[in-house]
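Observations on the model geometry
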Amino acid sequence: MRTKVAIIGAGPAGMLLGQLLHAYGIDNVILERKDRDYVLARIRAGVLEQGTVGLLEKLGITERLHHEGLIHDGIELLFGGVRHRLDLKHASGGKVVTVYGQTEVTRDLMDARVKAGLTTVYDADQVSLHDFYGSSPRVRYVKDGVSHEIACDFIAGCDGFHGVSRQSVPADAVKTFERVYPFGWLGLLSDTPPVSPELIYTNHERGFALCSMRSPTRSRYYVQCALDEKVENWSDDRFWDELRSRLDPEAAEALVTGPSIEKSIAPLRSFVAEPMRFGKLFLAGDAAHIVPPTGAKGLNLAASDVHYLSQALREFYDEKSSAGIDGYSARALMRVWKAVRFSWWMTSMMHRFPDNDGFATKLQQAELDYVVHSKAATSALAENYVGLPY
Ligand code: FAS
Ligand code: PHB
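Cut-offs applied
Residues numbered from 1 in each chain as written. Chains lettered and ligands numbered in written order. Predicted model: local features only at pLDDT ≥ 70, side-chain atom pairs only at ≥ 80, totals over all residues. Heavy atoms only, no water. Pairing = 2+ DSSP bridges. Helix = DSSP H or I, 4+ residues; strand = E, 2+ residues; numbered from the N terminus. Contact = heavy atoms within 4.5 Å. Axes fitted to C-alpha atoms, helices over the stretch in contact; angles between N-to-C directions. Near = heavy atom within 4 Å. Polar contact = N/O pair within 3.5 Å; in protein donor to acceptor, adjacent residues only side chain to side chain. Areas by Shrake-Rupley, 256 points an atom, 1.4 Å probe, with all protein chains shown as cover. Nonpolar A, V, L, I, M, F, W, Y, C, P; charged D, E, K, R; others polar. Buried < 20%, exposed > 50% of the residue type's maximum accessible area, 1.4 Å probe, protein only. Phe/Tyr/Trp six-rings, centres within 6.5 Å; stacked < 30°, edge-to-face > 60°. Lys NZ or Arg CZ within 6 Å of the ring centre and 35° of its normal.

**Let's talk about the sheet that holds strand β14 (residues 207–215)**
If you walk across this open sheet you meet the eight strands as β6-β5-β13-β14-β15-β12-β16-β19, and the pairing is mixed. Of all the strands in the sheet, just β6 (82–87) and β19 (289–290) have a single pairing partner and so form its edges. Bridge count between strand β12 (residues 175–190) and strand β15 (residues 218–225): seven bridges; the pairing is antiparallel. Paired with Leu188 across the strands is Tyr221, a residue of β15. Where helix α11 (residues 323–350) meets the sheet, its contacts fall on β5 (74–79), β12, β13 (200–204), β14, β16 (260–274) and β19, and the angle it forms with β16 comes to roughly 125°.

Structural data, given as structure tokens:
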């Protein structure tokens, strides 16, 4: 088999890249090690920046998103037992976010790909990358015990943090930067009405909590937990009690509990690999960077990477220019690092760190007080949360 771009990974980065390249007339194949249902079963992001929605609109696949997605003008920060609403729309000059789960974005992209008759190889085992520094890049994989090879012009590594792409690069060719946080997020999904119409981010002495949602009847909640916590030690009742203990009295009273339909613990890290291009291999999304979900940036960064990469490849094929692909890594990393900073800052402000002394706690309280009472500080949070320009 031969294609122009071999894409590794059928998560949001890979699927979005595949559709954008198709829209530009650039042939591509996606190789995914799991099956479609497994990919869709992973419960992850929930908030889309306008830039991400814009890319999906460009592909004409936002009918369900505009019908089911929830437009949010603001968020609330809860600390000292008081909720403070931040008017993101006003503070960002009119920009908003859309609450629409990553699962649904990926489903819409997968459906569009099938409709376009494009090739996605699921259950692709032993994917390996070859000659991406040379003149004939190739990808090999095993499917149902049969070995296959795809010759291509370029390889897009969209295979997430644990994928094969970044690991295929010689160690001395990549520089990594990392912060591992001393806590994780225990998340629960339930078919219960959200506790509040907008997201509530909480800094409580027992730890961070987040009240989010997927629809008017489906809620997504998180509580900060220790790194050594095991999800099997958290009954639904224990989760609900812990969440309720971190909310203000009004929200605690309003909280509707019910059986979990998903419960999992995610570790938090900040990670960036530089550069994001190695010869004919490009990294995009979590394959190149990880952010703590506090700023709702992970999925949205994957979208901006893919925007830059698809534009660069279009320029290569349509205008016979390598300027875009030569500039891809620097251009993507400029936006990546701003999102990494914002996600680190939100995480530092909203979580209780085990080694926080009285001074650090006072600094957090001062920062929160400043953010909710200063127009400039609120605007700075808002423009990052709704998404910096591409
Ligand atoms: P993904 O990891 O989504 O997709 C990579 C794909 O590549 C997967 O389907 C994988 O199966 C496949 N793959 C891996 N290795 C392969 C191989 N060798 N061969 C072939 N295929 C391979 N972001 C937020 O904004 N908010 C959140 O609340 C949030 N919660 C998260 C919770 C968890 C547990 C995790 C892990 C991430 C979370 N994120 C969140 C971040 C997340 O949404 C990512 O940013 C997003 O999935 C990035 O998409 P991709 O880059 O496509 O990577
Ligand atoms: C979610 O709904 O899963 C979500 C929303 C906002 C975040 C993180 C996760 O910052």
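Picking up after the structure, the text goes on.
**Let's talk about the site of ligand 1**
Inspection of the region around ligand 1 gives 29 residues, with Glu32, Arg42, Arg44, Gln102 and Asp286 positioned closest. One of the backbone nitrogen or oxygen atoms of Pro12 is found 3.3 Å away from an oxygen atom of ligand 1. Side-chain polar atom of Tyr222 to an oxygen atom of ligand 1: 3.5 Å apart, as the coordinates give it. Burial of ligand 1 by the protein amounts to 87% of the accessible area it has alone, namely 1,000 Å². Breaking the shell around ligand 1 down by element, the ones donating at least two residues are α1 (12–23) and α10 (298–319). Grouping the amino acids of the shell around ligand 1 by side-chain chemistry returns 14 nonpolar, seven polar and eight charged.

**Structural notes on the pairing of β15**
Counting buried positions along β15 gives seven out of eight residues, so the element sits mostly inside the fold. Direction of pairing for β14 relative to β15: antiparallel, over a ladder of six bridges. Note on β15: the bridge partner recorded for Leu210 is Tyr222. Hairpin connection, β14 to β15: the antiparallel pair is bridged by two residues.

**Description of the packing of aromatic side chains**
Summed over the entire model, instances satisfying the criterion amount to 18 aromatic pairs. Ring geometry for Phe161 and Phe271: centres 5.0 Å apart, planes at 85°, overall edge-to-face. Of the two residues, Phe161 is situated in the loop between β11 (146–157) and α7 (164–167) and Phe271 in strand β16; the sequence distance between them amounts to 110 residues. Exposure class is identical for Phe161 and Phe271. Each is buried. Here a set of aromatic residues connected by ring pairs shows up, and it is made of Phe154, Phe282, Phe316, Tyr317 and Tyr328. In this structure, Lys297 packs its charged tip against the face of Tyr385, placed 5.8 Å from the ring centre.

**Describing the site of ligand 2**
Not every one of the 14 residues close to ligand 2 is listed here, only the nearest: Tyr201, Ser212, Arg214, Tyr222 and Pro293. At a separation of 2.7 Å, an oxygen atom of ligand 2 approaches a polar side-chain atom of Arg214. In the environment of ligand 2, an oxygen atom lies 2.7 Å from a nitrogen or oxygen atom belonging to the backbone of Pro293. In isolation ligand 2 offers 280 Å² of accessible surface; the protein chains occlude 98% of this area. Those elements that provide at least two residues to the shell around ligand 2 are β14 and β15. If one sorts the elements of the shell around ligand 2 by residue count, β14 sits on top with three residues. The residue inventory of the shell around ligand 2, partitioned by class, reads eight nonpolar, three polar and three charged.

**Overview of the side chain of Gln364**
Within the secondary structure, Gln364 sits in helix α12 (residues 358–373). Look at Gln364 and you get buried, because its relative accessible area is 6%. A polar contact of 2.5 Å, which involves the side chain of Gln364, links it to the backbone oxygen of His351. When near neighbours in sequence (up to four residues on either side) are disregarded, Gln364 contacts Asn203, Ser348, Met349, Met350, His351, Arg352, Phe353 and Asn356.

**Brief notes about the sheet that holds strand β3 (residues 47–48)**
Strand order across the open sheet formed by three strands is β3-β7-β4, with antiparallel pairing between neighbours. In the strand order of this sheet, the two ends are held by β3 and β4 (70–72), each with one partner. Of the pairings in the sheet, the one linking β4 to strand β7 (residues 97–99) comprises three bridges and is antiparallel in character. Across the sheet, Ile71 pairs through a bridge with Thr98, a residue of β7.

**Thoughts on unusual backbone geometry**
Glu274 connects to Pro275 through a cis peptide bond whose omega is -10°. Inspection of the secondary structure assignment puts Pro275 in the loop between β16 and β17 (277–278). Despite not being glycine, Asp123 has its phi angle at roughly 55°, a positive value. By the secondary structure assignment, Asp123 is in the loop between β8 (120–121) and β9 (125–130). Under the relative-accessibility criterion, Asp123 is labelled partly exposed at 35%. Notably, Asp131 is not glycine yet its phi reads approximately 55°, a positive angle.

Any link to function would need more than the numbers given here.
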